[in-house]
Amino acid sequence: MTRRTTVTELDVPGRVTAKIFPHPLNAWYAVAWDHEVTAKAPTARTVAGRPLALYRTQDGRPVALDDACWHRLAPLSLGKLVGRDGIQCPYHGLQYNAAGRCTAMPAQPTVNPSALVTSHPVVERHRYVWVWPGDPLLADAATIPDMHQMDSPEWAGDGLTIEAPCNYQLILDNLMDLTHEEFVHGSSIGQAELSESEFTTRHEDDGSVTVTRWMRDVEPPPFWRKNMRDKFPGFEGRVDRWQIIHYYAPSTICIDVGVAEAGTGAPEGDRSRGVNGYVMNTITPETDTTSHYFWAFMRNYRLDSQLITTQLREGVRGVFAEDEAMLVAQQRAIDANPDKVFYSLTVDAGGMWVRRTLDRMLAAEGRALTIPASPASPATAPARATS
Amino acid sequence: MTSRTLHDARVVETTDVAVGARRVVLEPPTGARRRADPGTHLDVRVEVPGGRPEIRSYSVVDSTPDGSRLAITVLRSPTSRGGSAHVHRLRPGDVLRCTAPLQNFPVRIGAQRYLLLAGGVGITALAATARTLTRLGADVDLVYAGRSRDRMPYLQDLQAELGDRVHPAVSEEGDRLDVDALIARTAREAPGTEAYVCGPLGLLDAVTRAWRRHGLPPTALRYETFGSSGRHSAQAFRVQLPALGIETVVEPGSTVLESLQRSGADLMYDCLKGECGLCVLPVRHVDGLVDHRDVYLSEQQREAADSLCVCVSRVAAGPQGREPLLVLDLP
């Protein structure tokens, strides 16, 4: 299926290749792993530029309040949890409930009814706590990305968080084009066929994007040979390898990856002679140049093996550390070259659709990016009025 | 900031949605379209007998996301001073002078549980709130009281949309709402509840009393006030501040604070809404009735009658009809 939306105006070239991409606010972002948010003490975390105090009520419901007391803006995250669903400012003891309403002002007998801090819509799903930092009245829990592999009984695995010192869009670019594996991850998952094989890119009306790449009859790289041997002890030989990248707006990417014994029908749908994993990624902008990158590797074989869960988590941690090093270096080079712009390759098709989806979300919020004049785009692009 | 500017909205549809209840769909002019959030109302100019236009407030019961169409629903009141009769006379194509949506009754996201309590046409202020909270996945119950089902606008629609979150209490069916039992159960089972009430004054009084009696936090009880303005109408009174040798008159359109400042008193204040308590001054003597218009002083402090929020509170003439006088001290 291709996008059927009527495009009334050409997208402005140059705008979607912005080096520092702003983030939509009217969107769900994963802000923490479920276990990070507790009913014992608040956690401070900045999401989409907004400092939040995260905690759970005594009955286990997660809460996300703006991390600044109504009174003199002291951070509530330094305070303590009180009562059934409250938090107390560490400075003058004002208390707030889960709705952000002040319930106690210790130095006076009454509570000013105007005393409020913003409480953001929160949903706990797929092992993450999700927050909607924008207009709460537009939030719809049904639009949280599908990451069901995270807590399905048919999948097992685990993951970690990378605090990445780069714009979130650089991570999306990284995940939407996996030809970098040959060069960045040569010792684990990289191979020359990544760049040599054909791929297809599809985009949908809801802004989601799928990039599909099959590598037929190739030598399995070390990571995949190990996985095949976990399921098929002693496996030798060539494989058909796949990478099917699913992007969900604004910043979740679930990658269906695997290999199967070559010629046993995996491209046609029979994966029984193979191993299948899902690389779960959801990237939450912290600031324009820092990101919370939550990832996990899930598999649908040998579900009961904690050994394999730990090996895969640690293996992928090593692989992603190589990405992180590249992203850090890339952000540094971007910062050091303010007068230079991004250019695109054919392998960027998926990433460019992602950028266009984000650009349209920003335009719908009235926050379309204005491109500063640069050598490659001499005319400053005007902000689009339509989405 | 909301603008109280009136514009001409076109009536595009009128429907009876319950006995005596007329739904009127309005189309504001393009320049005046504003999204109507849950809890908003329109100030509407109505003609009353005698020909003088007056302003009435009606909740926006539902609307299109861009605010191009807004529905209000008005009960034809036998005791109407003319506002509801005016709205009931409207036909498609007519024009109604009204404001863009104004917010006095915003919903807060994140409460543990929500209890929405509507009496009769009061549902108009809560229907959109109920829908929004449901979409957000909140724990919400809508208790909807009325005499009979045919006098309860939107009951069927809401039941179809929100299912068993809607709890009708229909008195003619022998199911009269027991406010005290409902609030007692709330206090017992879900004390973290935030309640939103809209309906006849009797309902609001009953809920307020039960809420206090069962020890629930006052800030968690929300109701709409279309501009709270004290128990007495504003009238001129004399104010003295002997410590600074000041005597002046507070005109109906002014405040004690403004009058004293104009006379040279350097006083502390902040919110100017009777909320923060920074402007409170000790009261030495009063001739007349103190009209506390703040929300800062506690009931005990009001009973003690020895302090006043000078930014909003006033004095009215007492039954003896003597000229009202307020004598203040400095703290």
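All of these numbers come straight from a predicted model, not from anything done at the bench.

Conventions adopted
The residue numbers shown here count from 1 along each chain, following its written sequence. For this description, chains carry letters from A and ligands carry numbers from 1, given in the order in which they are written. The model is predicted, so local features are restricted to residues of pLDDT at least 70 and side-chain atom pairs to those at 80 or more, both for listing and for counting; the totals for chains, interfaces and linings are taken over all residues. Excluding hydrogens and water, the side-chain figures rest on all heavy atoms present in the structure. For helices the rule is a DSSP run of H or I covering at least 4 residues; for strands it is a run of E covering at least 2, with both sets numbered from the N terminus onward. Relative accessibility decides the category of a residue: with a 1.4 Å probe and only protein chains considered, values under 20% of the type maximum give buried, values over 50% give exposed, and everything between is partly exposed. Contacts are assigned to residue pairs that have any heavy atoms within 4.5 Å of one another. Accessibility throughout is a Shrake-Rupley quantity obtained with a 1.4 Å probe, and a residue counts as covered only by protein chains that appear here. A pair is scored as a salt bridge if a Lys or Arg side-chain nitrogen falls within 4 Å of a carboxyl oxygen belonging to Asp or Glu. UniProt positions are given in the numbering used here, feature names are shortened, and annotations may be inferred rather than shown by experiment. Note on method: axes are straight lines fitted to C-alpha atoms, helices fitted across the in-contact stretch only, with angles between N-to-C directions ranging 0 to 180 degrees. Should the near helix be turned anticlockwise from the far one by less than a right angle, the crossing is termed left-handed; should it be turned clockwise, right-handed. Note on residue classes: Ala, Val, Leu, Ile, Met, Phe, Trp, Tyr, Cys and Pro are nonpolar, Asp, Glu, Lys and Arg are charged, and everything else, Gly too, is polar. Domains are outlined according to an automatic or database domain assignment. What counts as buried area is the accessible surface, traced by a 1.4 Å probe, that two parts surrender upon association, with contributions from both included. The term polar contact refers here to a pair of N or O atoms within 3.5 Å; inside protein, the definition further demands a hydrogen-donor-capable atom paired with an acceptor-capable atom, and it admits residues adjacent in sequence only when both atoms are side-chain atoms.

A.B. asks: Would you mind going over the overall build of chain B in detail, with residue names and values included?
C.D. replies: When you go through chain B residue by residue, the secondary structure sums to 7 helices and 19 strands. Once the C-alpha set of chain B is aligned to its principal axes, its extents read approximately 65 × 50 × 35 Å. For chain B, the residues scored as buried account for 49% of the 331 residues in total. Considering only intrachain contacts with a sequence separation of at least 6, the fraction spanning at least 24 residues in chain B is 66%. Put simply, chain B shows about 15,700 Å² of open surface, and 48% of that area lies on carbon and sulfur atoms.

A.B. asks: Give a detailed account of the pattern of salt bridges, specifying residues and quantitative values.
C.D. replies: Pairs may arise between side chains of opposite charge once their charged atoms sit close together. Inspection of the entire model under this criterion finds 39 salt bridges over all chains. A salt bridge links A:Asp135 to B:Arg35, with the shortest nitrogen-to-oxygen separation between them at 2.6 Å. You can see A:Asp135 sitting in the loop between strand S10 (128-131) and strand S11 (156-164) and its partner B:Arg35 sitting in the loop between strand S2 (21-27) and strand S3 (40-47), one on each of two chains. Classification of A:Asp135 as partly exposed rests on a relative accessible area of 22%. A salt bridge links B:Arg22 to B:Asp16, with the nearest nitrogen and oxygen atoms 2.6 Å apart. Linked through salt bridges whose partners overlap, the residues forming this network are A:Arg127, A:Asp158, A:Arg313, A:Glu314 and A:Arg317.

A.B. asks: So what's going on with the UniProt feature "domain: Rieske" (unreviewed entry) in chain A? Which residues, and what values?
C.D. replies: The feature "domain: Rieske" (unreviewed entry), as given by UniProt, occupies residues 28-131 of chain A in the numbering adopted here. Segment residues 28-131 of chain A splits into 0% helix and 39% strand. End C-alpha atoms: 5 Å apart.

A.B. asks: Can you break down the packing of helix H4 (residues 179-189) of chain B against helix H5 (residues 201-213) of chain B residue by residue, with the values?
C.D. replies: All names here are of chain B. Following both chains from N to C, one finds H4 and H5 inclined at 40°, their axes separated by 9 Å at the closest point. Handedness of the H4/H5 crossing: right-handed. Touching Val179, Asp180 and Ile183 of H4 are Leu203, Ala206, Val207, Ala210, Trp211 and Arg213, all from H5. Across the contact of H4 with H5, the residue classes tally to 7 nonpolar, no polar and 2 charged.

A.B. asks: Let's hear about unusual backbone geometry: which residues, and what values?
C.D. replies: Cis rather than trans, the peptide bond between A:Ala249 and A:Pro250 has omega equal to -5°. Along the chain, A:Pro250 turns up in the loop between strand S14 (239-248) and strand S15 (252-261). Not every positive phi belongs to a glycine, and A:His126 is a case in point at roughly 55°. The residue A:His126 is located in the loop between strand S9 (122-125) and S10 in this model. Despite not being glycine, B:Ala305 has its phi angle at roughly 55°, a positive value. Within the fold, B:Ala305 resides in the loop between helix H7 (299-304) and strand S17 (307-309).

A.B. asks: Before we move on, can you summarise the domain arrangement of chain B with the specific residues and values?
C.D. replies: All names here are of chain B. Structurally, chain B comprises domain 1 (7-103), domain 2 (113-225) and domain 3 (237-328). The C-alpha centroid of domain 2 is placed 24 Å from the C-alpha centroid of domain 1. Together domain 1 and domain 2 conceal approximately 1,200 Å² of surface at their shared face, both sides included; 58% is due to carbon and sulfur atoms. Per-residue buried area on domain 1 facing domain 2 is highest for Val19, Pro38 and Val61; these three make up 41% of the total on that side. Taken together, the connections running from domain 1 to domain 2 amount to 0 salt bridges. The interface formed by domain 1 and domain 2 contains 3 residue pairs in polar contact (both at pLDDT 80 or more). Mapped onto the side of domain 1 that touches domain 2, the elements with two or more residues apiece are strand S1 (7-18), S2, strand S4 (53-63) and strand S5 (70-75). For the side of domain 1 that touches domain 2, the residue count by class is 8 nonpolar, 4 polar and 2 charged.

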